[in-house]
Amino acid sequence: MTSTAARPSNDTGPASTSGTTFDSLDPRDGSVIATHPVQGPDEVKAVVDRARRAAQWWADLGFDGRRDRLGAWRKLLIERTDELAELVSRETGKPLDDSRLEVVLVIDHLHWAGKHAKAALGRKRFEAGALMVNHRATIEYRPLGVIGVLGPWNYPVFTPMGSIGYALAAGNAVVFKPSELTPTVGKWLVDSFAEVLHRTDGYGEGLFSLVTGEGETGAALCRAGVDKVAFTGSTATAKKVMATCAETLTPILVECGGKDALLVDHDADLDDAAAAAVWGAMSNAGQTCIGVERVYVVESVAEEFLDKVAQRAAKLHPGGEPRSVYGPITMPSQLDVISGQIDDALSKGGRAVLGGRESVRAPYVDPVVLADVPEDSTAVTEETFGPTVVVNRVRDIDEAVERANASKYGLGGSVFAKKRGYEIARKLRVGMVSVNGVIAFAAMPSLPFGGVGDSGFGRIHGRDGLREFTRALAVSERRFKSINVMTFDRPGWVVKLLSVLAGVIYRRNR
């Protein structure tokens, strides 16, 4: 399909007019990876305006044209997985294999979004109803225009691409503001897509653009006239972003933190459950919004389970090498949060089964397993974002569900049980649950991802994720000429007849 709409330009957007810059650092040793501009409101607005022009061209390509270009991007990511993974490892400190896994997941999601966009968003016919039989009713989902994405640092490829890839597949342009801790990864993504467009269409950036800076740059993006903002970050920051978006009634998708619980029933496979609990709590140094932070285990198997968890966690040792089991705490200020929660748990009567306050040795934190921690401790109530886990025993699985649901957060969860897994999962007040596994839902592109309560609202991934970046367009078309009740010219008997027909039709229970 050929479009006469404006094509994307070949530049990456304006640099900072003030000349202000900031450095991206390797959290393992503090070395400088790259220097980026701090872009203010005028520069951000210029990027959004250019994206607006590119958005029409992209929308006019249709589902098939967009799928082909996203497919070409996917192939480039496959070819350069190691290059991108190495950059992610440097900018976050996470192990190289974890970085590779992040890229592989993105490749799978990008494929799914491009392949299923037409089925999820394309025009479909629906029943018009017995009283409007002379009309055709259809719904299609049209792109919003320009989506602003505010990305996090803990998964700088996988998490923002859950918005970026699905927004692009739905027909939108995207302006991406990555975390100030991982801007180089964001630039790599933007540059790689521009390279694909240059190959396929002879021009580059504009459709998927980058703005860099700190909080003020993000606020400028919210005020720059985008059609929706997709934000991932803390609940406190989400409230500030929402307030800024409210100034212009800009809708927002919010994915905040979590305090995810893993529930272990009396008949669970304890080896599997322990392995899942340790990986869910400790991988990526615990810096995972859907990581395991709380475990509720039925009393009859609690001691055995706790021993298995402690034994597994004791074998883990963080480090700065690319092949370490997990890396440093990426955001230095989080070290105080982790220390404070450990102290609070122990001061209120909890016990350290493994590690303790001494486990925090900047920039690393050794595994910490806490048990029998009071439910009012910050280690239970607040997000930790570190390689710690609280294991509390309960009398039965119903109490486990009750405690899990008592949190103000409601992102994800896990259930280990041989007989009642799905039944238990349905009782959890969260957006996603893995049964006899952990975090598995995030790797399935068909499943929507998002939370409730202080964990946010809206969904990425799946059909819901595609529709999140669209507006529903409902169209009624009169198929043949007949008496029109939607006019002052209608006969007086028509409404009476319709009332009689409605009674005849709907009085029957069909």
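Quick notes on the rules
- Residues numbered from 1 in each chain as written.
- Predicted model: local features only at pLDDT ≥ 70, side-chain atom pairs only at ≥ 80, totals over all residues.
- Heavy atoms only, no water.
- Helix = DSSP H or I, 4+ residues; strand = E, 2+ residues; numbered from the N terminus.
- Rg over C-alpha atoms; globule rule 2.2 N^0.38 Å.
- Contact = heavy atoms within 4.5 Å.
- Areas by Shrake-Rupley, 256 points an atom, 1.4 Å probe, with all protein chains shown as cover.
- Lys, Arg positive; Asp, Glu negative; His and termini not counted.
- Charge placed at Lys NZ, Arg CZ, Asp CG, Glu CD.
- Pairing = 2+ DSSP bridges.
- Buried < 20%, exposed > 50% of the residue type's maximum accessible area, 1.4 Å probe, protein only.
- Salt bridge = Lys/Arg side-chain N within 4 Å of Asp/Glu carboxyl O.

The next subject is the overall build of the protein. Looking only at helices and strands, the protein has 16 helices and 22 strands in total. Relative to its length of 510 residues, the protein is compact, with a C-alpha radius of gyration of 26 Å against a globular reference of 24 Å. Taking the principal axes of the C-alpha coordinates as reference, the protein spans close to 85 × 65 × 40 Å. A separation of at least 24 residues holds for 71% of the contacts in the protein among residues at least 6 apart in sequence. Roughly 21,800 Å² of accessible area belongs to the protein as shown, and the carbon and sulfur atoms make up 53% of that amount. Positive and negative charge centroids in the protein, built from 61 and 63 side chains respectively, lie 12 Å apart.

Attention now moves to the sheet that holds strand 21 (residues 456–457). The strands that make up a sheet are held in pairs by hydrogen bonds between backbone atoms, and each pair lies either parallel or antiparallel. In spatial order, the strands read 7-6-5-8-9-21; together these 6 strands make up an open sheet with mixed pairing. Looking at strand neighbours, the two that pair on one side only are strand 7 (208–210) and strand 21, the edges of this open sheet. When strand 6 (residues 173–177) meets strand 7, the two strands line up parallel, connected through 3 bridges. Bridge pairing links V175 to S209 in strand 7.

The next subject is the pairing of strand 18 (residues 412–416). Most of strand 18 sits inside the fold, with 5 of its 5 residues counted as buried. With 4 bridges joining them, strand 10 (residues 261–264) and strand 18 adopt parallel strand pairing. Bridging across to strand 18, A261 finds its partner in G413. Relative to strand 19 (residues 432–435), strand 18 runs parallel, the two being bridged by 4 bridges. Its bridge partner being in strand 19, G412 is matched across the sheet by M432.

A separate point is the pattern of salt bridges. Think of it this way: side chains of opposite charge can pair up when their charged atoms draw near. Applying the stated rule across the entire model yields 35 salt bridges. For the salt bridge of R69 with D201, the shortest nitrogen-to-oxygen distance reads 2.7 Å. Placement of R69 in helix 2 (residues 62–79) and of D201 in helix 6 (residues 183–201) is noted, with a sequence separation of 132 residues between them. Taking relative accessible area as the criterion, R69 reaches 14% and is therefore assigned buried. Here E477 and R136 are joined by a salt bridge, their closest N and O atoms 3.9 Å apart. Of this pair, E477 sits in strand 22 (residues 470–478) while R136 sits in strand 4 (residues 135–143), and the two are 341 residues apart along the sequence. The class for E477 is partly exposed, based on a relative accessible area of 30%. One network of salt bridges, in which partners are shared, links E299, E303, R351, D372 and R393.

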